[in-house]
Amino acid sequence: QVQLVESGGGLVQAGGSLRLSCAASGLTFSSYAMGWFRQAPGKERECVADISRSGGSTYYADSVKGRFTISRDNAKNTVYLQMNSLKTEDTAVYYCAARRAQYLNTAGVTTPSRYDYWGQGTQVTVSS
């Protein structure tokens with residue numbers, strides 16, 4: 001069965017950095033666009049970044065643009081989210097998600113229901 005396993009979350013001070021990883025198994029990774037979402041208590045799940053099948057196209061939410069970088073390694077079936085200059089408002093559970101995609105370079109799909117598979121989430125807490 002398909003599994004997406006996130007790692008790398010934790011507690012960090014504001015201004016610090018974290019790198020999240022999501023290892024995928026049970027699917028043809030290169031056939032899927034990948035997204036990182038987050039959900040804070042009492043808020044809706046939001047897409048912070050996604051990346052096309054090829055890795056050539058990416059999308060970032062305005063709130064993280066210039067601070068977060070999404071990347072993928074199709075040889076390792078892994079997607080990453082490098083988070084720099086973290087703010088307290090970045091505190092949330094972060095989820096990776098996989099979306100079967102027809103085209104190699106499509107990114108910017110931000111609706112959670114468009115994604116086929118989800119990881120269990122990893123907590124990121126940014127302290128002031």
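Before reading on, note that the structure itself is shown above.
An account of the accompanying structure is given in this report. Just so it is clear, the structure is predicted and the values come from calculations on it, not from any experiment.

**Some details on the pairing of strand E11 (residues 122-127)**
Then step 1. Here E11 shows a clear split, with Thr 122, Val 124 and Val 126 buried on one side and none of Gln 123, Thr 125 and Ser 127 buried on the other.
Then step 2. Sheet topology places strand E2 (residues 10-13) next to E11; four bridges connect them, and they run parallel. Paired with Leu 11 across the bridge in E11 is Thr 125.
Then step 3. Note that strand E9 (residues 92-100) and E11 share three bridges and pair antiparallel. What sits directly across from Tyr 94, in E11, is Thr 122.

**Section: the environment of Asp 90**
Then step 1. Note on placement: Asp 90 falls in the loop between strand E8 (78-83) and E9.
Then step 2. Put simply, Asp 90 and Leu 18 are 72 residues apart on the chain and 11 Å apart in space, counted from C-alpha to C-alpha.
Then step 3. Leaving out residues up to four positions away in the same chain, Asp 90 has contacts with Arg 38, Arg 67, Phe 68, Ser 85, Val 124 and Val 126.
Then step 4. A distance of 2.9 Å separates a polar atom in the side chain of Asp 90 from a polar atom in the side chain of Arg 38.

**Focus: the pattern of salt bridges**
Once the charged atoms of two side chains with opposite charge are near each other, the side chains can pair.
Then step 1. Inspection of every chain in the model, using the stated rule, returns four salt bridges.
Then step 2. Here Asp 62 and Lys 65 are joined by a salt bridge, their closest N and O atoms 3.1 Å apart.
Then step 3. Given a relative accessible area of 67%, Asp 62 falls into the exposed group.
Then step 4. Judged by relative accessible area, Lys 65 falls into the partly exposed class, the value being 49%.
Then step 5. The residue Asp 90 makes a salt bridge to Arg 67 at a minimum N-O spacing of 2.8 Å. Of this pair, Asp 90 sits in the loop between E8 and E9 while Arg 67 sits in the loop between strand E6 (58-60) and strand E7 (68-73); the two residues are 23 residues apart in sequence, bridging distant segments of the chain. Accessibility assignment for this pair places Asp 90 and Arg 67 in one class, buried.
Then step 6. Beyond isolated ion pairs, a larger network of salt bridges with shared partners links Arg 38, Glu 46, Arg 67 and Asp 90.

Basis of the calculations
Residues numbered from 1 in each chain as written. Predicted model: local features only at pLDDT ≥ 70, side-chain atom pairs only at ≥ 80, totals over all residues. Heavy atoms only, no water. Buried < 20%, exposed > 50% of the residue type's maximum accessible area, 1.4 Å probe, protein only. Helix = DSSP H or I, 4+ residues; strand = E, 2+ residues; numbered from the N terminus. Pairing = 2+ DSSP bridges. Contact = heavy atoms within 4.5 Å. Polar contact = N/O pair within 3.5 Å; in protein donor to acceptor, adjacent residues only side chain to side chain. Salt bridge = Lys/Arg side-chain N within 4 Å of Asp/Glu carboxyl O.

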